[in-house]
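Now for the letters of each chain:
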Amino acid sequence: MIILFTLFFSCEEKKTKTIWVYPYRLNTELYPYAQTGIFILTQDKEELDYSSWQRQSESFEIKDFKFEEGYFYKLKVEYEEVQPPQKLKLKSILEKRKDFIGTIEGAWKNIPLPDQPFFPIFIQVQKPTRTLETYGGCFKGITGLGEEGERKIQLVDKYYRLDADKVCLGQSPIQKGGFSFVQSTTQYQLSPNGFLDFFDSTGNLLIRFQPIE
């Protein structure tokens, strides 16, 4: 009877939940949600939210789960309330979604477009942190990257940050234009000819980048 009671009580303590696992193990900052020293990121949600990740400790473990870099994982996991929260057990893989951010990783510069004012901007796409850093004039902007598919990706405006260098601004007036494409962009696409194009919600081309050799 004691053995049966113990087994029943153990089963009652075990619960399940759905989590997402970030596609890269990091050892850097993921602004603004996680500091340097990240080992794995997760979120406890049914639907993937590119702007919401929780940093886990070095001791974090999902038993029976084999992580393959470059994929978002949606997992059903089992846990016990009496156990540390970083100890989970895999029940099933609900979804394995390929991350295509590597196709646009690297340095880019914008090129002039007909009938549009030109303001030189440089961007650096980082794969592990899924960030887009923009540079132009006295400004630097950082935004997070979400994903819709192999060639279309959304900017996550919750990550958006725009800094201005005070020394630079003291020496010259603020230049207009520039980073407005970040707020207006709803998707961007790597074209067959190698350009990185940003579009607004109506499909208008906002800005075009080419790789920096």
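For the structure, check the block above.
Heads up: these notes are all about the structure in this document. Treat the numbers as computed from the prediction; the structure is a model and nothing was measured.

Moving on to the environment of Lys66. Here Lys66 shows up in the loop between β4 (61-63) and β5 (71-80). The spatial distance from the C-alpha of Lys66 to the C-alpha of Leu90 is 9.6 Å, given a sequence separation of 24 residues.

It is characteristic of soluble globular proteins that their nonpolar side chains tend to be buried jointly. Judged by nonpolar contacts, the single largest core of 27 residues is most densely connected at Ile123, Tyr188, Phe198 and Phe209. Sorting the residues of this core by element identifies β8 (122-126), α3 (180-184), β14 (196-199) and β15 (205-211) as the ones contributing at least two each. Apart from the residues within four sequence positions on either side, Phe209 is in contact with Trp108, Lys109, Asn110, Ile121, Ile123, Phe181, Phe195, Leu196 and Phe198. Judged by nonpolar contacts, the second largest core, of 12 residues, contains Ile62, Phe65, Tyr73 and Leu90.

Following the sequence through the fold, Thr18 ends up in strand β1 (residues 14-21). Only 3.0 Å separates the side chain of Thr18 from the side chain of Glu46, close enough to count as a polar contact. Contact partners of Thr18, with chain neighbours within four places excluded, come to Gln43, Asp44, Lys45, Glu46, Lys74, Leu75 and Leu94.

Residues Phe122, Tyr135 and Ile212 make up a contiguous nonpolar surface patch of about 260 Å² in total accessible area. With respect to the helices, strands and loops of the structure, Phe122 is situated in strand β8.

Taken together, 6 strands build an open sheet; the order of strands is β3-β2-β1-β5-β6-β4 and the sheet is mixed. Two strands bound the open sheet, and with one partner strand each, they are β3 (54-55) and β4. Summarising the sheet, β5 and strand β6 (residues 87-98) pair through 8 bridges and their orientation is antiparallel. Note that in β6 the partner of Leu75 across the bridge is Ile93.

This brings us to the pattern of salt bridges. The tally for this structure, following the rule as stated, stands at 9 salt bridges. A salt bridge links Glu78 to Lys91; the shortest N-O distance between them is 3.9 Å. Of this pair, Glu78 sits in strand β5 while Lys91 is found in strand β6, placing the two residues 13 residues apart along the sequence. Note on Glu78: relative accessible area 16%, which makes it buried. Take Lys91: its relative accessible area is 48%, and that puts it in the partly exposed class.

Moving on: the pairing of β14. Here β14 shows no split at all, with Leu196 and Phe198 on one side and Asp197 and Phe199 on the other all buried. In terms of strand pairing, strand β13 (residues 187-190) meets β14 through 4 bridges, oriented antiparallel. From the neighbouring strand, Leu190 faces β14, where its bridge partner is Leu196. Taking the residues between adjacent antiparallel strands as the criterion, β13 and β14 are bridged by 5 residues, where Gly194 takes a positive phi near 90°.

Here is what the cut-offs are and how they apply
- Residues numbered from 1 in each chain as written.
- Predicted model: local features only at pLDDT ≥ 70, side-chain atom pairs only at ≥ 80, totals over all residues.
- Heavy atoms only, no water.
- Helix = DSSP H or I, 4+ residues; strand = E, 2+ residues; numbered from the N terminus.
- Core = buried A, V, L, I, M, F, W, Y, C linked by side-chain atoms within 4.5 Å.
- Buried < 20%, exposed > 50% of the residue type's maximum accessible area, 1.4 Å probe, protein only.
- Contact = heavy atoms within 4.5 Å.
- Polar contact = N/O pair within 3.5 Å; in protein donor to acceptor, adjacent residues only side chain to side chain.
- Patch = residues over 30% accessible without salt bridge, like charges linked within 9 Å, V, L, I, M, F, W, Y side chains within 5 Å.
- Areas by Shrake-Rupley, 256 points an atom, 1.4 Å probe, with all protein chains shown as cover.
- Salt bridge = Lys/Arg side-chain N within 4 Å of Asp/Glu carboxyl O.
- Pairing = 2+ DSSP bridges.

Bear in mind that shape data such as this cannot, by itself, settle questions of function.
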